[in-house]
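Here are the chains, one letter per residue:
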Amino acid sequence: GVMGTVKDAIHLFAHSGAVFVPRMIALAIFLIMVFLANKYICAWGCQAGTLQDLIFRLNQDKDHKPVIWKQFKIPFAVTNTIRIAFFILFILGAFLWGTDIIEPIDIFKIYNPAKIGLIGGIVIGAFLISSLFVYRPWCHFLCPFGLIGWLIEKKSVTKIRVDYEHCIACHKCVKACPSTVMSAILYKDKKAIPDCFACYTCEQVCPTGAVQFSTGKRTQPPPDFFQTVTIDSETQSSSEILEDDKRNAPDFSEYPF
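This text gives an overview of the structure that appears in the document. Along each chain, residues carry numbers from 1 onward, in the same order as the chain's sequence is written. The model is predicted, so local features are restricted to residues of pLDDT at least 70 and side-chain atom pairs to those at 80 or more, both for listing and for counting; the totals for chains, interfaces and linings are taken over all residues. Heavy atoms throughout the structure, all of them, feed into the side-chain values; hydrogens and water do not.

With that settled, the discussion passes to the packing of helix α1 (residues 4-16) against helix α8 (residues 144-153). Fitting a line to C-alpha atoms yields each axis, with helices limited to the stretch in contact; the angle taken between N-to-C directions then spans 0 to 180 degrees. A run of H or I in DSSP counts as a helix once it spans at least four residues, and a run of E counts as a strand once it spans at least two, with each numbered from the N terminus. Contact geometry of α1 with α8 gives a least axis separation of 7 Å together with a crossing angle of 110 degrees. Considering the angle they form, α1 stands roughly perpendicular to α8. Contacts from T5, V6 and K7 in α1 reach P144, F145 and I148 in α8. Residue classes in the contact of α1 with α8 are distributed as 4 nonpolar, 1 polar and 1 charged. An angle below 35 degrees is treated as roughly parallel, one above 145 as roughly antiparallel, one from 65 to 115 as roughly perpendicular, and anything else as oblique. Contact criterion: two residues are considered in contact whenever any of their non-hydrogen atoms come within 4.5 Å of each other. Side-chain classes are defined by residue name, with Ala, Val, Leu, Ile, Met, Phe, Trp, Tyr, Cys and Pro counting as nonpolar, Asp, Glu, Lys and Arg as charged, and the others, Gly among them, as polar.

In structure tokens:
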């Protein structure tokens, strides 16, 4: 899988000092794809990622509203802090003890169940069940390629962008987005843009075509653009809209990342 190009390369080098050239070539190709088209490879080419995406969509109706139980948008500061800490722990385990801490709980083993142990079955099962309520939890919390890809996608040539000349500030893209990334893209109020998996949900719900997966830099919204917006014939201030969005996320303290 995509994740293995990072995980296996680090563990192999830490364990024996060897570099498996074909795997490094694959990693380079995947990262080039991220640079050219955001996390397109994660969105449409990763078996574990697409499975989590499918499970998440099973808990949504055609209007992207939950049908089984409430879905949560966990703050990126939380997910990325955990992902960075886990990646550091993985590297320490590989170089200090020669251990691959991901191997027993590798979510890709769902496609080869005979290799899943008791602990792996519990952890993998928990991640798949939680995918009903949280978008791509493995990708956001543990995936090493997800972390490396997030760093590269900051410079992606093609990405989700907002044309504020056509945007009517309806916030449908933010509400439909399965994670917190569209909020950061639309408002441009965060230093760190969360992972964008190019799922196109924001683009599909935009009534004016202002949200597009296209080349170019993301621009800042005009001053006071969100001061007053109209949604479903009701006028709300931007602060009220942001409060509505926050209700979809658990209450966490601030994290450094």
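Back to the write-up after that little detour.
Most of α8 sits out of view: 7 of its 10 residues are buried. Only protein chains enter the accessibility calculation, which uses a 1.4 Å probe; a residue whose area is less than 20% of its type maximum is buried, one above 50% is exposed, and one in between is partly exposed. Those residues of α8 that sit buried are P144, F145, G146, L147, G149, W150 and E153. Looking at the packing, one finds that the buried side of α8 touches α1, α2 (21-37), α3 (40-45) and α5 (76-97).

Where side chains of opposite charge bring their charged atoms close, a pairing between them can arise. Salt bridges are counted wherever a side-chain nitrogen of Lys or Arg sits within 4 Å of a carboxyl oxygen of Asp or Glu. All told, the structure shown has 11 salt bridges when counted by the stated rule. For R23, the salt bridge goes to D8, with nearest N and O atoms at 3.5 Å. Of this pair, R23 sits in helix α2 while D8 sits in helix α1, and the two are 15 residues apart along the sequence. Its relative accessible area of 27% is what places R23 among the partly exposed residues. Classification of D8 by relative accessible area gives partly exposed; the value is 27%. Here R83 ties to D195 by a salt bridge, and the two come within 2.9 Å at their closest N and O atoms. One end of the pair, R83, is in helix α5; the other, D195, is in the loop between α10 (181-187) and α11 (201-205), and 112 residues separate them in sequence. R83 gets classed as buried once you look at its relative accessible area, which sits at 0%.

Moving on to the environment of L96. Summarising the element assignment, L96 is placed in helix α5. For L96, a relative accessible area of 56% puts it in the exposed group. Remark: the alpha-carbon pair of L96 and A14, spanning 82 residues in sequence, is separated by 8.3 Å.

Each aromatic pair joins two rings of Phe, Tyr and Trp (for Trp, the six-membered one) with centres within 6.5 Å, and gets the label stacked for planes under 30 degrees apart, edge-to-face for over 60, and tilted for any other angle. Applying the stated rule across the entire model yields 15 aromatic pairs. Ring plane angle 75 degrees and centroid distance 5.3 Å describe the contact between F127 and W138, whose orientation is recorded as edge-to-face. In this pair, F127 sits in helix α6 (residues 118-130) while W138 sits in helix α7 (residues 137-141), placing the two residues 11 residues apart along the sequence. Per residue, the accessibility class of F127 equals that of W138, and both read buried. Seen from their ring centres, Y164 and F225 are 5.5 Å apart, and the 80 degrees between their planes marks the pair as edge-to-face. With Y164 in the loop between β1 (158-162) and α9 (172-176) and F225 in the loop between β2 (211-215) and β3 (228-231), the pair connects residues that are 61 residues apart, well separated along the chain. Like F225, Y164 is buried. Here a set of aromatic residues connected by ring pairs shows up, and it is made of Y40, W44, Y200 and F213. Criterion for a charge above a ring: Arg CZ or Lys NZ at most 6 Å from the ring centre, at most 35 degrees from the ring normal. Taking NZ or CZ as reference, R136 lies 4.8 Å from the ring centre of F197, over its face.

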